[in-house]
Amino acid sequence: VLAILLGVGSVGLLEEGGVRGICGVGVIVQHRPHADGPSDIVLWGETRARILSQELVTGSYFSAQVQPLREAPGTGAPEALAQLRRDLLVLLRERLEARFPGRSGDLLSDVLKQSPGLGALADFAAATLLGDPGERQAILEILDVQARADRVRGILDRSVLEVCGP
């Protein structure tokens, strides 16, 4: 089943002017329906897309015509990109353990089984650890993988400093 996550799935953002211009497209790997209609979903992202047109189907569900977008791999040297991935993994482990004590290893293991590249790892970190829907949307809209991972690393770095101090 393919699904499109329009914007960040936040009713607040939907009410403030409709769905954003960039969305995630992927496979629903988990869902939990609510009695009032909407569902919480976990989407394994496949690509990003630009929304060309949209139509409200029911409640907070939209139907959309989209154009897939290509990610840019970044311009850094391969060693720098590999280091960025390692840095992101360290921060991801720390923040997952703080947020999901005793379950972080399982969560990260499930993700790493997919052999995610730098972009997918940054997307997982953002989706799992960032609470601000606007911030998650801003990251979703960054097509340059290196810039996206750098931004997520910076946010996670700041959150570690806020919790643990310098």
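Note that the structure is predicted; figures quoted are calculated from it, not measured.

Calculation notes
- Residues numbered from 1 in each chain as written.
- Predicted model: local features only at pLDDT ≥ 70, side-chain atom pairs only at ≥ 80, totals over all residues.
- Heavy atoms only, no water.
- Pairing = 2+ DSSP bridges.
- Helix = DSSP H or I, 4+ residues; strand = E, 2+ residues; numbered from the N terminus.
- Axes fitted to C-alpha atoms, helices over the stretch in contact; angles between N-to-C directions.
- Parallel < 35°, antiparallel > 145°, perpendicular 65-115°, else oblique.
- Left-handed = near helix turned anticlockwise from the far one by under 90°.
- Contact = heavy atoms within 4.5 Å.
- Nonpolar A, V, L, I, M, F, W, Y, C, P; charged D, E, K, R; others polar.
- Expected span 1.5 Å × (residues − 1).
- Buried < 20%, exposed > 50% of the residue type's maximum accessible area, 1.4 Å probe, protein only.
- Salt bridge = Lys/Arg side-chain N within 4 Å of Asp/Glu carboxyl O.

## Examining the pairing of strand β2 (residues 22-33)
If a strand is regular, its side chains alternate between the two faces of the sheet. Bridge analysis of β2 against strand β3 (residues 39-58) gives 11 bridges, and the strand direction is antiparallel. Of the residues in β3, the one forming a bridge with Cys 23 is Ala 49. Counting the residues in the hairpin turn of β2 and β3 gives 5 residues, including Gly 37, whose phi is positive at 120°.

## Points about the packing of helix α2 (residues 78-99) against helix α4 (residues 118-129)
Running from N to C, α2 and α4 point in directions that differ by 25°, and their axes come no closer than 10 Å. Of the possible angle classes, the one that applies to α2 and α4 is roughly parallel. As for how α2 packs across α4, the hand of that crossing is left-handed. Along the contact surface, α2 presents Leu 81, Leu 84, Arg 85, Leu 88, Leu 89, Leu 92, Arg 95, Leu 96 and Arg 99, while α4 presents Leu 118, Leu 121, Ala 122, Phe 124, Ala 125, Thr 128 and Leu 129. The residue inventory of the contact of α2 with α4, partitioned by class, reads 12 nonpolar, 1 polar and 3 charged.

## Looking at the pairing of β3
Pairing geometry for β3 and strand β4 (residues 61-69), over 9 bridges, is antiparallel. Considered in β4, the bridge of Arg 50 is made with Gln 67.

## A few points about α2
Between its first and last C-alpha atoms α2 spans 31 Å; for 22 residues at 1.5 Å apiece the expected length is 32 Å, and the two agree. Taken together, the buried positions of α2 are Leu 84, Leu 88, Leu 89, Leu 91, Leu 92, Arg 95 and Leu 96.

## Some thoughts on the environment of Leu 108
Checked against the element boundaries, Leu 108 lands in helix α3 (residues 104-112). Since its relative accessible area comes to 5%, Leu 108 is described here as buried. C-alpha of Leu 108 to C-alpha of Ala 125: the two residues are 17 residues apart in sequence and 9.9 Å apart in space. Beyond its immediate sequence surroundings of up to four residues, Leu 108 is in contact with Leu 89, Leu 92, Arg 93 and Leu 96.

## Section: the pattern of salt bridges
With the rule as written, the count across this model stands at 6 salt bridges. A salt bridge links Glu 71 to Arg 48, with the shortest nitrogen-to-oxygen separation between them at 3.2 Å. Here Glu 71, found in the loop between β4 and α2, pairs with Arg 48, found in strand β3; they are 23 residues apart in sequence, far enough to count as distant. Residue Glu 71 is classed as partly exposed on the basis of its relative accessible area of 40%. Using a relative accessible area of 6% as the deciding quantity, one classes Arg 48 as buried. Linking Asp 87 and Arg 153 is a salt bridge whose minimum nitrogen-to-oxygen distance equals 2.8 Å. On the criterion of sequence distance, the pair formed by Asp 87 in helix α2 and Arg 153 in helix α6 (residues 145-164) is long-range, its members being 66 residues apart.

That is the geometry; function is a separate question.
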